[in-house]
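The residues making up each chain are set out below.
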Amino acid sequence: MMGGARRSLPTRAKILLPLALLLLVALSVKRLLLEPRPPVLWELAGATMGTTWSARFWSPGDLADRLAELQDSIAAELELINRQMSTYDSSSELSVFNASRDTLPHPLAPATISLLLRARQISDLTGGAFDVTVAPLVAAWGFGAAAPARPTPPAPDELADLSRRVGYRLLDIDSLAGTARKSQPEIMVDLSAIAKGYGVDRMAGALRRAGVANYLVEIGGELLAAGVRPDGGAWRVAIERPADLGERAGMLTLELADLAVATSGDYRNYYEYQGERLSHIIDPRTLRPASHAGASVTVLHPQCATADAWATALSVLGPEEGLALAERSDLAALFIVRNAGGFELLTTTAFTVVADTASPEEDG
Ligand code: AMP
Ligand code: MG
């Protein structure tokens, strides 16, 4: 008190102050007892496609006793995709088609046919940079299902020989009949560049059908976000710094609203040979691993399968050709490019959802 003098409170304040305190206590008690607590954020996880899946979700209603049902429906969805189109499972429908050596039409699951049509569109739009028949070259460079422990580059005549077995136009797709046909009996179809994204879309479908509208689902880093977090904020996702193997750090954070994000790059799956970085992303036009300064490409799209395919396609094309095509195609794309000082970010006009480039923090 000023001057140290003790002044007694006016009579009105003597009455009102305890009343106000009482009101405050009553309101807090009411809030604690009556108001709904913030909804619980649930998380489920599992293994698929040689990697892991996870799903974070919440609902205004209580989901506690429906978790087993949700886990089963997501797992069933992913198992079905594997039975239809895995190239790691020799008994899948697609593996049986790949093993056949004829030029007859083969019936495939409607889901596989429609994914093949989607892949074909991106092949057409990228001048064949994206190509689901590239597997023989992927294997020759030491990647894929039967990758050797110490890969070495193939000889040029081996590549020339294999090139006869690569080309998406060698695959005929009849969507009405639901069949695929090889016009060259030795070609094979590998959906690795699009399947994780497709699986993410199907996980989202399983949650939506169960009445869950707010989720962040993911397979091996390809993600799809819908709705919001329990606190009402947007789902946040970190994009990795394309550092070398073993190092993991965020580079920027995205806020996603009803959007999928897929990232491809040469920084995770590669080996060095005579000073050259050889990655698992193969340029079907040169028959060699894509080689340019682009370290990673991130694509945003409402559908994760499409984001996934484009991320691989733009990785093949590289920052120059790829950025120009992404801009013309109105795609939201981010290229993280190596330069002398480290990394540089290049984006298309449609890529506008960056939340924060300084302090990455991740929900998924
Ligand atoms: P992603 O991780 O989605 O970029 O997919 C990479 C995988 O796609 C590789 O491991 C290969 O199996 C396959 N792949 C490599 N190059 C291509 C390409 N040019 N078109 C389609 N798939 C490819
Ligand atoms: Mg991909």
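If you're wondering where the values come from, they're calculated on a predicted model, not measured in any experiment.

(A) The arrangement of the coordination of the magnesium ion (ligand 2) in detail. Protein coordination at the magnesium ion (ligand 2): the donors are Ala193 (O), Asp308 (O), Asp308 (OD) and Thr312 (OG1), at 2.0 to 2.4 Å from the metal. Read in sequence order, the donor residues for the magnesium ion (ligand 2) give the motif A-x114-D-x3-T. Separated by 115 residues along the polypeptide, Ala193 in helix α7 (residues 192-209) and Asp308 in helix α8 (residues 304-328) bring together distant segments of the chain. According to the relative accessible area criterion, Ala193 is partly exposed, its value standing at 22%.

(B) A look at the sheet that holds strand β5 (residues 179-182). Taken together, three strands build an open sheet; the order of strands is β3-β5-β4 and the sheet is antiparallel. With partners counted over all chains shown, the strands left at the sheet margins are β3 (106-107) and β4 (171-174), one partner each. Pairing between β3 and β5: two bridges, direction antiparallel. The residue of β5 that forms the bridge with His106 is Ala180. Docked against the sheet, helix α4 (residues 110-125) engages β4 and β5, running at close to 125° with respect to β4.

(C) Expanded view of the nonpolar core. Residues Phe57, Leu191, Leu207, Tyr215, Val217, Val299 and Leu314 are the most contacted members of the largest nonpolar core, which totals 67 residues. Here this core takes 13 residues from α8, the largest share from any one element. Other than its neighbours up to four places away in sequence, Phe57 contacts Val40, Leu41, Trp42, Leu44, Leu63, Leu67, Leu70, Leu207, Val212, Asn214 and Tyr215. Counting residues in each nonpolar core, the second largest holds 18 residues, with Trp58, Leu216, Leu223 and Phe351 among its members.

(D) Molecular detail of the site of ligand 1. The full set close to ligand 1 counts 16 residues, and Ala129, Ser264, His280, Ile282 and Thr312 are the nearest of them. One nitrogen or oxygen atom from the main chain of Ala193 is found 3.4 Å from an oxygen atom belonging to ligand 1. The separation between an oxygen atom of ligand 1 and a polar side-chain atom of Thr312 is 2.7 Å. Here ligand 1, which alone exposes 500 Å², has 93% of that area covered by the protein. Among the secondary structure elements, those contributing two or more residues to the shell around ligand 1 are α7 and α8. Looking at which element gives the most residues to the shell around ligand 1, the answer is α8, with three residues. Taken together, the residues that form the shell around ligand 1 break down as nine nonpolar, four polar and three charged.

(E) Representation of α4 in the model. For α4, spanning 16 residues, the distance from its first C-alpha to its last is 23 Å, which sits close to the expected 22 Å at 1.5 Å a residue. Contacts made by the buried residues of α4 are with α2 (67-85), α3 (93-99), β4, β5, α7 and α8. Of the residues one or two after α4, Gly127 is the one with positive phi, at around 60°.

Cut-offs applied
- Residues numbered from 1 in each chain as written.
- Chains lettered and ligands numbered in written order.
- Predicted model: local features only at pLDDT ≥ 70, side-chain atom pairs only at ≥ 80, totals over all residues.
- Heavy atoms only, no water.
- Donors = N, O, S within 2.8 Å, 3.2 Å for Na, K, Ca; no water.
- Helix = DSSP H or I, 4+ residues; strand = E, 2+ residues; numbered from the N terminus.
- Buried < 20%, exposed > 50% of the residue type's maximum accessible area, 1.4 Å probe, protein only.
- Pairing = 2+ DSSP bridges.
- Contact = heavy atoms within 4.5 Å.
- Axes fitted to C-alpha atoms, helices over the stretch in contact; angles between N-to-C directions.
- Core = buried A, V, L, I, M, F, W, Y, C linked by side-chain atoms within 4.5 Å.
- Near = heavy atom within 4 Å.
- Polar contact = N/O pair within 3.5 Å; in protein donor to acceptor, adjacent residues only side chain to side chain.
- Areas by Shrake-Rupley, 256 points an atom, 1.4 Å probe, with all protein chains shown as cover.
- Nonpolar A, V, L, I, M, F, W, Y, C, P; charged D, E, K, R; others polar.
- Expected span 1.5 Å × (residues − 1).

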